[in-house]
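Descriptive structure summary
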Amino acid sequence: MKLSKLATEIGNGVLAGVAGTAAMTVSSTVEAKLRGRPYSTAPARAAARALGIETFEDGFAYARFSTLVHWGYGTGWGVARGVLRALGVGPRLATPAHFVVLWGSALYTLPRYEVAPPVTRWRAEDVAIDVFHHLVYVTTAALAFELLERSS
């Protein structure tokens, strides 16, 4: 594999990750409003624990951190899509593989940092909703990636 091909695929993955994150943001925002629940802060709480951050200066600082984690996490997972495709994994296999590593990492990380219970303790409805949001991300990232591939 040429380094330039890997770099291109990673770059396309970053852009696909941004698209996936935007789509997941919309789906989770609409779902939270419809269900009358607060927006999730689990990723930000996990990142704060991982980085050893105990407190924030104020609510605004925490909100900025949460936004950075949200977009950084989603954008970063787009790189996984790019690497899968650079390794020659076709779109039909790359999409479910991307879902498995993305959702699997969340299922491991959030309980690991004690910000969410293990998935085995979730209600079936909550599992379905979480799967839905991650499918929105992966599907959008896949479509964006493949469109970028065709245009290059």
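Residues numbered from 1 in each chain as written. Predicted model: local features only at pLDDT ≥ 70, side-chain atom pairs only at ≥ 80, totals over all residues. Heavy atoms only, no water.

Observations regarding the overall build of the protein
To be explicit about the condition: Secondary structure elements follow DSSP: runs of H or I no shorter than four residues count as helices, runs of E no shorter than two count as strands, and numbering proceeds from the N terminus. As a reference, a globule follows 2.2 Å times the number of residues to the power 0.38, and the radius of gyration itself is taken over C-alpha atoms. Only heavy atoms matter for contacts: two residues are in contact if any of them lie within 4.5 Å across the pair. The charged-residue count follows a simple rule in which Lys and Arg add positive charge and Asp and Glu add negative charge, with His and chain termini not counted at all. We put the charge of a Lys on NZ, of an Arg on CZ, of an Asp on CG and of a Glu on CD.
Helix and strand content of the protein: five helices and zero strands. Shown N-terminal to C-terminal, the secondary structure of the protein runs as helices and strands in the order α-α-α-α-α. Against the 2.2 N^0.38 benchmark of 15 Å for 152 residues, the protein shows a C-alpha radius of gyration of 16 Å, consistent with a compact globule. Overall size of the protein, expressed as C-alpha extent along the three principal axes, is 45 × 35 × 25 Å. Look at the contacts in the protein between residues 6 or more apart in sequence, and 74% of them connect residues 24 or more apart. Computed over 15 positive and 11 negative side-chain charges, the separation of the two mean positions in the protein equals 6 Å.

As for empty space enclosed by the protein
So the rule is basically this: Using a grid of 1 Å spacing that covers the protein atoms alone, one calls a set of points a cavity when a 1.4 Å probe fits there but cannot get out, and a pocket when the set is open and has protein on both sides within 12 Å along at least five of seven lines; lining residues are those with an atom within 4 Å of a point. Grid points are joined across faces, edges and corners, and a volume is the space filled by probe spheres set on the points.
Applying the stated criterion across every chain, the model contains one cavity of 30 Å³ or more. Space inside the largest cavity adds up to approximately 30 Å³. For the largest cavity, the full set of lining residues is A106, L107, L110, P111, A116, P117, V119 and W122.

Some details on the side chain of R81
Keep this limit in mind: Partly exposed residues are those whose accessible area sits between 20% and 50% of the maximum for their type, while under 20% is buried and over 50% is exposed, using a 1.4 Å probe and protein chains only.
Summarising the element assignment, R81 is placed in helix α3 (residues 59-86). Owing to a relative accessible area of 0%, R81 belongs among the buried residues under this scheme. Ignoring anything within four residues of it in the chain, the contact list for R81 reads P91, A94, T95, H98, A142, F145 and E146.

Notes on the nonpolar core
The criterion, for reference: As used in this record, nonpolar core signifies buried Ala, Val, Leu, Ile, Met, Phe, Trp, Tyr and Cys residues forming a set joined through side-chain atoms within 4.5 Å.
The biggest cluster of nonpolar side chains holds ten residues, and these are A16, M24, F99, L102, W103, Y137, V138, A141, A144 and F145. Within the residue set of this core, elements represented by two or more residues are α1 (3-35), α4 (91-112) and α5 (124-151). Of the residues forming this core, the biggest block, five residues, is contributed by α5. Sequence-distant contacts of M24, defined by excluding residues within four places in its chain, comprise H133, H134, V136 and Y137.

So, the environment of A47
When you line up the elements, A47 lands in helix α2 (residues 42-51). Sequence separation between A47 and V119 is 72 residues, and the spatial gap between their C-alpha atoms is 19 Å. Not counting chain neighbours up to four residues away, the residues in contact with A47 comprise F65 and V69.

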